[in-house]
Amino acid sequence: MKGLIKEFKEFVSRGNVIELAVGLIMATYFGAIVKSFVNDIIMPPVGYLIAGVDFAELKFQIAERTLADGTLEAITINYGAFINTILTFVIVSAAIFIVVRGYNDFMKKEEAKPEPAPAQPSKEEVLLTEIRDLLKK
């Protein structure tokens, strides 16, 4: 049991696991932000432009059923919510593409930086090297 706990502790303390956890948390909240952006910012004007239609409310009723209390419940295909989800996906994909492209460009610039030229030896070092070489002879 101690070996398992030790192995788990080593696994969790690796940098990759922590980075993965942070990435997952960031992705979750990034998705929530984009979903809010689509539903609250993008879709109302689009719905207004197409005669005030709210995409979230677009649905096709295929049947009705009676509940135990006698009320009717509509059985619907919610294609408006599906349109919202597709639009959210497109916006998230575009945003992630831009972020990854920027990251890749940054990494290329880091790789392209030339190595600094080695420093030229000082006059004392050159003189000491000559003295050493003469002493070897």
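Here the structure is a predicted model, which is why all the values come from computation and not from measurement. (Residues numbered from 1 in each chain as written. Predicted model: local features only at pLDDT ≥ 70, side-chain atom pairs only at ≥ 80, totals over all residues. Heavy atoms only, no water.)

Can you lay out the pairing of strand 1 (residues 60-66) for me, pointing to particular residues and giving the numbers?
Here strand 1 runs beside strand 2 (residues 72-77); their pairing, made up of six bridges, is antiparallel. The partner of Ala-63 across the bridge, within strand 2, is Ile-75. Between strand 1 and strand 2, which pair antiparallel one after the other, the connecting turn spans five residues, and Gly-70 there sits at a positive phi close to 95°. (Pairing = 2+ DSSP bridges. Helix = DSSP H or I, 4+ residues; strand = E, 2+ residues; numbered from the N terminus.)

If you had to explain the nonpolar core to someone new, which residues and values would you point to?
Of all hydrophobic cores here, the largest spans six residues; its members are Val-34, Val-38, Met-43, Phe-55, Leu-58 and Val-92. The element that contributes the greatest number of residues to this core is helix 2 (residues 15-49), accounting for three residues. (Core = buried A, V, L, I, M, F, W, Y, C linked by side-chain atoms within 4.5 Å. Buried < 20%, exposed > 50% of the residue type's maximum accessible area, 1.4 Å probe, protein only.)

Just give me the short version of the pattern of salt bridges, but keep the residues and values in it.
If the charged atoms of two oppositely charged side chains come close together, the side chains can form a pair. Enumeration over the complete set of coordinates arrives at two salt bridges. The partner of Arg-65 in a salt bridge is Glu-73, and the shortest N-O contact between them spans 2.6 Å. Judged by relative accessible area, which is 46%, Arg-65 ranks as partly exposed. The partly exposed category is assigned to Glu-73, whose relative accessible area is 30%. One salt bridge connects Arg-132 with Asp-133, and the closest N-O pair in it is separated by 3.2 Å. Among the residues examined, Asp-133 registers a relative accessible area of 35% and is labelled partly exposed. (Salt bridge = Lys/Arg side-chain N within 4 Å of Asp/Glu carboxyl O.)

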